[in-house]
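Structural features, examined
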Amino acid sequence: DAGITQSPRHKVTETGTPVTLRCHQTENHRYMYWYRQDPGHGLRLIHYSYGVKDTDKGEVSDGYSVSRSKTEDFLLTLESATSSQTSVYFCAIRTPGGTDTQYFGPGTRLTVL
Amino acid sequence: GQQVMQIPQYQHVQEGEDFTTYCNSSTTLSNIQWYKQRPGGHPVFLIQLVKSGEVKKQKRLTFQFGEAKKNSSLHITATQTTDVGTYFCAGYITGNNDMRFGAGTRLTVKP
């Protein structure tokens, strides 16, 4: 699965606390993505990165920030978690070349109480 | 808002019956991809279609990309219990770097 890991795999936190999710890849892919998955909505893009320190917003970026200081790590931060951010978060990488395929990490289940 | 629509949201079939899910985009897609997600798992890439009118087959799965590159379908012949999961279509909007996913069709198969 393209050497993608996510941490933590599960987290329960309280409203108003900061949360950082980590995505780590071992194959130096340029593009990395953060999605959230909620029932009835499929996968919605939060932010993506096209290189170290190069990031852009997706369709549901409000309340989230990202950072990519190294090729292998892409961090997603919820500065002040809200209950509406309870979701399953998936990281993905995009393979180079013409296929544009995305490979997903195992996901992080986040619950905000 | 979501630009890639997928129907139906749910489909329950008897083992051996056929299954089809449809995907429609409000804008032209540079390509369309299909993913399968098993319960509790993560999305796994199945196939990519690039050309207008393209049809590809993987054993019992047939994928089509519309002539206008705005719609696609996945058809499974003679479903098996191993086909259970949620099937997502996803496409890159022409000129964009981000992929938009349909909401998925959740397939359940009764043995």
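Please refer to the structure placed before this passage.
Below, the structure is looked at part by part.

Rules of the game
Residues numbered from 1 in each chain as written. Chains lettered and ligands numbered in written order. Predicted model: local features only at pLDDT ≥ 70, side-chain atom pairs only at ≥ 80, totals over all residues. Heavy atoms only, no water. Helix = DSSP H or I, 4+ residues; strand = E, 2+ residues; numbered from the N terminus. Rg over C-alpha atoms; globule rule 2.2 N^0.38 Å. Contact = heavy atoms within 4.5 Å. Areas by Shrake-Rupley, 256 points an atom, 1.4 Å probe, with all protein chains shown as cover. Lys, Arg positive; Asp, Glu negative; His and termini not counted. Charge placed at Lys NZ, Arg CZ, Asp CG, Glu CD. Buried < 20%, exposed > 50% of the residue type's maximum accessible area, 1.4 Å probe, protein only. Pairing = 2+ DSSP bridges. Buried area = accessible area lost by both parts, 1.4 Å probe. Salt bridge = Lys/Arg side-chain N within 4 Å of Asp/Glu carboxyl O. Polar contact = N/O pair within 3.5 Å; in protein donor to acceptor, adjacent residues only side chain to side chain.

Attention shifts here to the overall build of chain A. Looking only at helices and strands, chain A features zero helices and 11 strands. Across chain A, helices and strands are ordered from the amino to the carboxyl terminus as β-β-β-β-β-β-β-β-β-β-β. Against the globule reference of 13 Å for 113 residues, chain A gives a C-alpha radius of gyration of 13 Å, in line with a compact fold. C-alpha atoms of chain A, sized along the principal axes, occupy 40 × 30 × 25 Å. In chain A, once contacts between residues fewer than 6 apart in sequence are set aside, the share between residues at least 24 apart is 54%. Here chain A displays about 5200 Å² of accessible surface, and carbon together with sulfur accounts for 48% of that area. Averaged over its 12 positive side-chain charges, chain A has a centre that lies 2 Å from the centre of its 12 negative ones.

What follows deals with the pairing of strand β4 (residues 29-37) of chain B. All names here are of chain B. Most of β4 sits out of view: eight of its nine residues are buried. Two elements, β4 and strand β9 (residues 85-93), share eight bridges in a ladder whose sense is antiparallel. Bridge assignment links Tyr35 to a residue of β9, and that residue is Phe88. Here β4 pairs with strand β5 (residues 44-49) via five bridges, running antiparallel. Of the residues in β5, the one forming a bridge with Lys36 is Val44. The turn linking β4 back onto β5 is made up of six residues, and Gly40 within it adopts a positive phi angle of 80°.

Taken residue by residue, a regular strand's side chains alternate between the two faces of the sheet. All names here are of chain A. The alternating pattern of strand β11 (residues 108-112) places Thr108, Leu110 and Val112 on a buried face and Arg109 and Thr111 on a face that is not buried. Both strand β2 (residues 10-13) and β11 contribute to a ladder of four bridges, which runs parallel. In the strand pairing of β11, His10 is matched with Arg109. As paired strands, strand β9 (residues 87-94) and β11 are joined by three bridges and run antiparallel to one another. Paired with Ser87 across the bridge in β11 is Leu110.

Interface size is commonly expressed as the accessible surface area that is lost when the partners come together. Each side of the interface is counted separately: chain A has 22 residues, and chain B has 21 residues. For the pairing of chain A and chain B, the buried interface totals around 1700 Å² over both sides, and the portion due to carbon and sulfur atoms is 49%. The largest per-residue losses of area from chain A upon contact with chain B belong to A:Leu43, A:Glu59 and A:Phe104, which jointly make up 25% of the total buried on that side. Inspection of the region where chain A meets chain B yields one salt bridge. For B:Arg100, the salt bridge goes to A:Glu59, with nearest N and O atoms at 4.0 Å. For the pair chain A and chain B, the interface holds three residue pairs in polar contact (both at pLDDT 80 or more). Where the side of chain A that touches chain B is concerned, the elements lending two or more residues are β4 (31-38), β5 (42-51), β9 and β10 (102-104) of chain A.

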